[in-house]
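# Chains, contacts and geometry: an overview
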Amino acid sequence: QVQLLESGGGLVQAGGSLTLSCAASGIIYSINTMGWYRQAPGSQRELVATITSGGSTDYADSMKGRFTISRDNAKNTVYLRMNNPKPEDTAVYYCNADIRVLFAHSFMNYWGKGTLVTVSP
């Protein structure tokens, strides 16, 4: 059984900074792309950023220059550094990963349960 556990959410002031973490656990053979998505109240879930196992990154336009995604492959962990957050960044942030478990023949996509980030003005 694979689990993605997010941490680091909470209340942050606009212009401050916050780092989210997501650790994958289970009998994992390999992890391909990991990423962060978010869902604000009344809105659809949207991409924040992704990172491949080789370190290539992709960001939603509104996050470029403010958010940084990184990962520690040895720890099966992905991070999201949020610099200069804005009130409109308030949302539940979800971790996502393509994971191949031991003895499996293919990758499957997994989601975490989410962590709430609230940005105050």
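These lines cover the structure that appears in this document, whether it is placed above or below. (Residues numbered from 1 in each chain as written. Predicted model: local features only at pLDDT ≥ 70, side-chain atom pairs only at ≥ 80, totals over all residues. Heavy atoms only, no water.)

Scanning the entire structure with this criterion turns up 1 aromatic pair. The interplanar angle of 65 degrees and the centroid separation of 5.1 Å between the aromatic rings of Tyr 37 and Trp 111 together place this pair among those described as edge-to-face. Here Tyr 37, found in strand β4 (residues 28–39), pairs with Trp 111, found in strand β10 (residues 108–111); they are 74 residues apart in sequence, far enough to count as distant. Looking at Tyr 37, the relative accessible area reads 21%, which means it is partly exposed. (Phe/Tyr/Trp six-rings, centres within 6.5 Å; stacked < 30°, edge-to-face > 60°. Helix = DSSP H or I, 4+ residues; strand = E, 2+ residues; numbered from the N terminus. Buried < 20%, exposed > 50% of the residue type's maximum accessible area, 1.4 Å probe, protein only.)

Our focus in this paragraph is the state of the cysteines. All told, the structure shown has 1 disulfide when counted by the stated rule. The side chain of Cys 22 participates in a disulfide bridge whose partner is Cys 95; the two sulfur atoms lie 2.1 Å from each other. Judged by the sign of its S-S torsion, about -85 degrees, the cystine formed by Cys 22 and Cys 95 is left-handed. Taken together, the residues span a long stretch of sequence, with Cys 22 in strand β3 (residues 17–25) and Cys 95 in strand β9 (residues 91–101) at a distance of 73 residues. Taking relative accessible area as the criterion, Cys 22 reaches 0% and is therefore assigned buried. (Disulfide = S-S within 2.5 Å.)

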